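Architecture and fold: a report
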Amino acid sequence: MLDKIFKLKENKTKVSTELIAGLTTFMAMSYIIFINPTILADAGMDYNSVYMATIVASIVGTLMLGLFANVPYVTSAGLGLNALFAYTICGTLGFTWQQALAMVFICGLINVLITVTNVRKKAIKAIPEFMQDAITVGVGLFVAYIGLLSSGIIEFAVSSVENGIANSANVVPQLSIFGNADVILALIGLIITGFLVAKNAKSAYIISIVLTTVIGLFMGVTQLPDFSNYQILPSMEPTFLKLDFAGLLNAKAGIITVIMTLFTLVISDLFDTIGTFVGTGKKAGIFKVDDDGNLPKNLEKALACDSLATTFGALFGTSNLTTYVESTVGIDAGGRTGLTAVSAAICFAISLFIAPIVACVPMAAIAPILMFVGVSMIESILKINWKEKTIAIPAFFTIVMMTLSYSITTGIQFGFIFYIIVNLFNKKGKEVSPIIYIFTLLFIVDFIYKAIG
């Protein structure tokens, strides 16, 4: 039955592999269950309600991806998009969180419209082959960088002191001093993961996470679960259906600010998703282009599900949902079908009752997995013709900016811009798709608005 629903044999996978891949993905991104309500609480939202909304929205969105699109991706509240919601939209711009939820809902509807009218599909199709490979490499390095930072192996520190005062302008990423128990545990996890991967061990990632977590108990890093103050299934009532559309029309910031804020949300959501799908799907062969260059139907369905997930999330009471880049962990573990997503959704549902246990897994156990996912994705760099400057320059900026700016969207933006520049300088502007020109113009408008805003 499962084979018929998810086409397991056709995708050269099996039930056990898919279930383990889903569990692995969930463990790699389970931190969002606790981080998202913490961030949105700074906007005045109820922590417990957002906690519940985050999990429920993740379950709904992920089930859609698994059952409707049959892809091994997981969706949840986007990290970065929630910070934009809390600290920029509600903080700097002064919108209420109810008005911000209304904008998130509208953003979801706009992306649904963009998907239905095939604009998203055309944007993906317009991305040249070398840029798709660059996005794959960029996503891999981005994921690995997340692992390095979250493990504490790389930390941001002051690089200079003037007159005995630390110069805050010179805060740069540096190698950590390995005296911290969390960092030492992450290094142990890195060694364990490296050994298991080198030996081609089945379920290497899950085994590594479990072993590292257990070792962390003896090092004082892994904390035993505490159910004493845990509230199972808290109410979503404080945030459920609390969208304030009327308030947007009368907002102090003005209608132009509302429109530009919506534009920023749409662009960020749109290209974060495109980058994730292109970067991971191409490498794993999940989204195969046919002989005529047509994109697969499951990609179209996945894009629609991703957009709908944001609208549902807003109704429940959370910021934009997005397809998680940590889905690469499950894909790297062998996940190829929607059964991986369904497995992850079930894990989210179970977490409603055992959240203190989920919280026990330290980032030191997850971080090594993210680093090794980067290793598996960087091989696409060999497919890029680095001798051809019209290819090398945009590919370079796509990869570097995606990693250093900590944003998939920013990497794609810089890649598009330099792709146009080098082709215009070489009188090859006609070879660039009009879709690339249109989106690049929108990117520049977004940059200008942020600069003068």
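Whatever comes next refers back to the structure up there.
Description of the structure in this document. (Residues numbered from 1 in each chain as written. Predicted model: local features only at pLDDT ≥ 70, side-chain atom pairs only at ≥ 80, totals over all residues. Heavy atoms only, no water.)

**What about the overall build of the protein?**
The helix and strand inventory of the protein stands at 19 helices and six strands. Taking 22 Å as the expected radius of gyration for a compact globule of 453 residues, we find that the protein reaches 22 Å, a close match to that expectation. Of all 453 residues assigned to the protein, the portion counted as buried reaches 55%. Within the protein, residue pairs in contact and separated by at least 24 positions form 79% of the contacts whose partners lie at least 6 positions apart. Side-chain charges of the protein comprise 26 positive and 26 negative groups, with the mean position of each set lying 10 Å from the other. (Helix = DSSP H or I, 4+ residues; strand = E, 2+ residues; numbered from the N terminus. Rg over C-alpha atoms; globule rule 2.2 N^0.38 Å. Buried < 20%, exposed > 50% of the residue type's maximum accessible area, 1.4 Å probe, protein only. Contact = heavy atoms within 4.5 Å. Lys, Arg positive; Asp, Glu negative; His and termini not counted. Charge placed at Lys NZ, Arg CZ, Asp CG, Glu CD.)

**Comments concerning the pattern of salt bridges**
A complete count under the given rule lists one salt bridge for this structure. One salt bridge connects Lys 242 with Glu 237, and the closest N-O pair in it is separated by 3.3 Å. (Salt bridge = Lys/Arg side-chain N within 4 Å of Asp/Glu carboxyl O.)

**Details of the side chain of Ser 268**
Summarising the element assignment, Ser 268 is placed in helix α12 (residues 255-284). For Ser 268, a relative accessible area of 16% puts it in the buried group. Dropping the residues within four chain positions of it, Ser 268 is found in contact with Leu 81 and Thr 409.

**Observations concerning the nonpolar core**
The nonpolar side chains of soluble globular proteins are, as a tendency, buried together. Within the largest apolar cluster, 114 residues are counted, with the highest numbers of intra-cluster contacts made by Phe 85, Met 103, Val 139, Phe 271, Ile 274, Phe 348 and Phe 416. When residues of this core are assigned to their parent elements, the largest contribution, twelve residues, is made by α12. Look past the residues within four positions of Ile 274 in its chain and what remains in contact with it is Arg 120, Ala 123, Ile 124 and Ile 127. Core analysis: the second largest hydrophobic core is formed by eight residues, Leu 185, Ala 186, Ala 367 and Met 371 among them. (Core = buried A, V, L, I, M, F, W, Y, C linked by side-chain atoms within 4.5 Å.)

**A closer look at the packing of helix α2 (residues 15-29) against helix α15 (residues 338-358)**
Look at α2 against α15: their axes get within 8 Å of each other, and the N-to-C directions meet at 45 degrees. It follows that α2 is oblique to α15 by the angle criterion. Relative to α15, the crossing made by α2 is right-handed. Note on element contacts: α15 touches α2 through Leu 339, Thr 340, Ser 343, Ala 344, Cys 347, Phe 348, Ser 351 and Val 358, opposite Val 15, Glu 18, Leu 19, Ala 21, Gly 22, Leu 23, Phe 26 and Met 29. Of the residues in the contact of α2 with α15, the class split is eleven nonpolar, four polar and one charged. (Axes fitted to C-alpha atoms, helices over the stretch in contact; angles between N-to-C directions. Parallel < 35°, antiparallel > 145°, perpendicular 65-115°, else oblique. Left-handed = near helix turned anticlockwise from the far one by under 90°. Nonpolar A, V, L, I, M, F, W, Y, C, P; charged D, E, K, R; others polar.)

**Topic: the packing of aromatic side chains**
Across all of its chains, the model carries 14 aromatic pairs by this definition. Considering the side-chain rings of Phe 105 and Phe 245, the 5.7 Å spacing of their centres and the 75 degrees angle between planes classify their relative orientation as edge-to-face. A residue pair is termed long-range when its members are at least 10 positions apart, and Phe 105 in helix α6 (residues 97-116) and Phe 245 in helix α11 (residues 245-249) qualify at 140 residues. Ring centres of Tyr 145 and Tyr 406 lie 6.0 Å apart, and the angle between their planes is 75 degrees; this geometry places the pair in the edge-to-face category. Placement of the pair is Tyr 145 in helix α8 (residues 129-151) and Tyr 406 in the loop between α17 (389-404) and α18 (408-425), with a sequence separation of 261 residues. You can call Tyr 145 buried: its relative accessible area is 14%. Each residue in the set Phe 271, Phe 416, Phe 439 and Phe 443 is aromatic and connected to the rest through ring pairs, giving one cluster. (Phe/Tyr/Trp six-rings, centres within 6.5 Å; stacked < 30°, edge-to-face > 60°.)

**Section: the environment of Ile 146**
Position of Ile 146 relative to the elements: it lies in helix α8. The buried category is assigned to Ile 146, whose relative accessible area is 13%. Separated by 180 residues in sequence, Ile 146 and Glu 326 place their C-alpha atoms 9.9 Å apart. Discounting chain neighbours no more than four positions away, the residues touching Ile 146 are Val 325, Glu 326, Leu 370 and Tyr 406.

**Some points on helix α9 (residues 181-198)**
Under the 1.5 Å per step criterion, the end-to-end length of α9 is 26 Å for 18 residues, consistent within 8% with the ideal 26 Å. Within α9 the residues assigned to the buried category are Val 183, Leu 185, Ala 186, Gly 189, Ile 192, Thr 193 and Leu 196. Where α9 is buried, its residues touch α8, α10 (204-219) and α16 (363-377). With a side-chain oxygen positioned 2.7 Å from the backbone nitrogen of Asp 182, the residue opening α9 is Asn 180. (Expected span 1.5 Å × (residues − 1). Polar contact = N/O pair within 3.5 Å; in protein donor to acceptor, adjacent residues only side chain to side chain.)

**Here's the deal with α16**
Along an α-helix, residues three or four apart share an orientation, since each turn contains 3.6 residues. End to end, α16 covers 21 Å across 15 residues, agreeing with the expected 21 Å (1.5 Å per residue, within 8%). For α16, a buried count of 13 out of 15 residues is recorded, marking the element as mostly surrounded by other parts of the structure.

**Considering unusual backbone geometry**
The backbone of Lys 7 sits at a positive phi, close to 55 degrees, despite the residue not being glycine. Take Lys 7: its relative accessible area is 44%, and that puts it in the partly exposed class. In this structure, Tyr 406 is a non-glycine residue whose phi angle is positive, near 60 degrees.

**Section: a nonpolar patch on the surface**
A grouping of Leu 141, Ile 378, Ile 381, Leu 382, Trp 386 and Phe 396 is seen on the molecular surface, where their side chains present a nonpolar patch of about 530 Å² in accessible area. For Ile 381, a relative accessible area of 30% corresponds to the partly exposed category. (Patch = residues over 30% accessible without salt bridge, like charges linked within 9 Å, V, L, I, M, F, W, Y side chains within 5 Å. Areas by Shrake-Rupley, 256 points an atom, 1.4 Å probe, with all protein chains shown as cover.)

**Structural notes on the state of the cysteines**
Applying the stated rule across the entire model yields zero disulfides. Cysteine Cys 90 shares no disulfide, and the gap to the nearest cysteine sulfur, in Cys 107, comes to 14 Å. According to the relative accessible area criterion, Cys 90 is buried, its value standing at 13%. Relative accessible area serves as the criterion here: at 0%, Cys 107 is assigned to the buried category. (Disulfide = S-S within 2.5 Å.)

Keep in mind that these numbers describe shape and distance, not what the molecule does.
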